[in-house]
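# Commentary on secondary and tertiary structure
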Amino acid sequence: MNILVTGFEPFGGEAVNPSWEAVRRLPAHIDGADIITVQLPTAFQRGEQVLLRALERCRPERVLCVGLAGGRKGFTLERVGINLRDARIPDNDGAQPEDQPVRPDGPAAYFATLPVKEMVQGLNRAGIPAAASYTAGTYVCNDILYALLDWQAREMPESRGGFLHLPYTLEQAAEKGEDVPGMALEEMVRGLSLAVRLAVGESV
Ligand code: PCA
C-alpha cells in the first residue's frame, strides 16, 4: 500500500504554510504503508501539473492532500470538491480565475472517497479537534481536490482520495490577533500522522 500526501508552498504573503511543514515531518512508513510526500505550488496550473505528474508516477492507492484554511479552528476533512475556480486573491503565479470551471466537461462536484467520518472520529478520540467540512472553498485547494478526484475516477477508480485543511500555527495566529485560532505544529504532525493511519487502515 502506498499513500501520497501533499502539502502546499506558502501563499498570500505568509512565510510558511503549515500544510507542508506538517507533511514534510511525516515518517517514510506508517503501519506498513509507504508514504510519498510532495510539495505543490499554490498555483492553479502548476499545482495541478505537479499533482498529476505525482499521481501518474506513483499510482498511489490512497491520496491525502493537505492545505491551510486560516481562521478555521481545528482540522477540517473536506467531503466535496466542486467544479469552480473563483479566486479572491491571485495565486503564486499571479493567476486569479473567476467563475471558471476546473474541468469544462466535468461533473459539478466529486465527493471525497476517504472515510471522512471515521477519520474525524478517530482524530477527536485522540484529542485533535476535527470536523467534516462541506466546502474546500473555490481557490487552489478545492481545485486540487477536484482534479485529484477526477483523475482517480477516470484512471484508478479503486484508489481513494481526500483533502485535509489545517488551521494556522500558533505563531501565525498570534500575529493576527487574539481571536484567531491556531494549533501547535507538533500537534498538527501528530494529527496528520493519525489521519494518514486512518486513511490507510480502512483496507488493512
Ligand atoms: N490553502 C489554500 C491554497 C493553498 C493552501 O494551503 C486554499 O485553501 O485554497
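Above this text you will find the structure in question.
Residues numbered from 1 in each chain as written. Predicted model: local features only at pLDDT ≥ 70, side-chain atom pairs only at ≥ 80, totals over all residues. Heavy atoms only, no water.

### Concerning the packing of helix H2 (residues 44-58) against helix H4 (residues 140-155)
Remark: H2 packs on H4, axes separated minimally by 10 Å, with the N-to-C direction vectors making an angle of 35 degrees. Considering how the two elements wind past one another, H2 and H4 form a crossing that is right-handed. Taken together, the residues of H4 that come into contact with H2 (itself represented by Phe44, Gly47, Glu48, Leu51, Leu52, Leu55 and Glu56) are Val140, Asp143, Ile144, Ala147, Leu148 and Trp151. Split by residue class, the contact of H2 with H4 holds 9 nonpolar, 1 polar and 3 charged. (Axes fitted to C-alpha atoms, helices over the stretch in contact; angles between N-to-C directions. Helix = DSSP H or I, 4+ residues; strand = E, 2+ residues; numbered from the N terminus. Left-handed = near helix turned anticlockwise from the far one by under 90°. Contact = heavy atoms within 4.5 Å. Nonpolar A, V, L, I, M, F, W, Y, C, P; charged D, E, K, R; others polar.)

### Quick look at the pattern of salt bridges
One pass over the full model with this rule turns up 13 salt bridges. Residue Arg25 is joined to Glu21 by a salt bridge in which the shortest nitrogen-to-oxygen separation is 3.0 Å. In this structure, Arg190 and Glu187 form a salt bridge, with 3.1 Å as the shortest nitrogen-oxygen distance. One end of the pair is Arg190 and the other is Glu187, both in helix H6 (residues 185-201) and 3 residues apart, which spans about a single turn. What emerges from the salt-bridge pattern is a single network uniting Glu48, Arg85, Arg103, Asp143, Asp150, Arg154 and Glu155. (Salt bridge = Lys/Arg side-chain N within 4 Å of Asp/Glu carboxyl O.)

### Describing the site of the ligand
In the region of the ligand, the neighbouring residues are Phe8, Phe11, Asn17, Thr42, Gly67, Leu68, Tyr139, Val140, Cys141 and His165. For the ligand, an oxygen atom lies 3.0 Å from a polar atom in the side chain of His165. Taken by itself the ligand offers 260 Å² of open surface, and the protein chains cover 94% of this. Broken down by secondary-structure element, the contributors of at least two residues to the shell around the ligand are strand S4 (62-68) and H4. (Near = heavy atom within 4 Å. Polar contact = N/O pair within 3.5 Å; in protein donor to acceptor, adjacent residues only side chain to side chain. Areas by Shrake-Rupley, 256 points an atom, 1.4 Å probe, with all protein chains shown as cover.)

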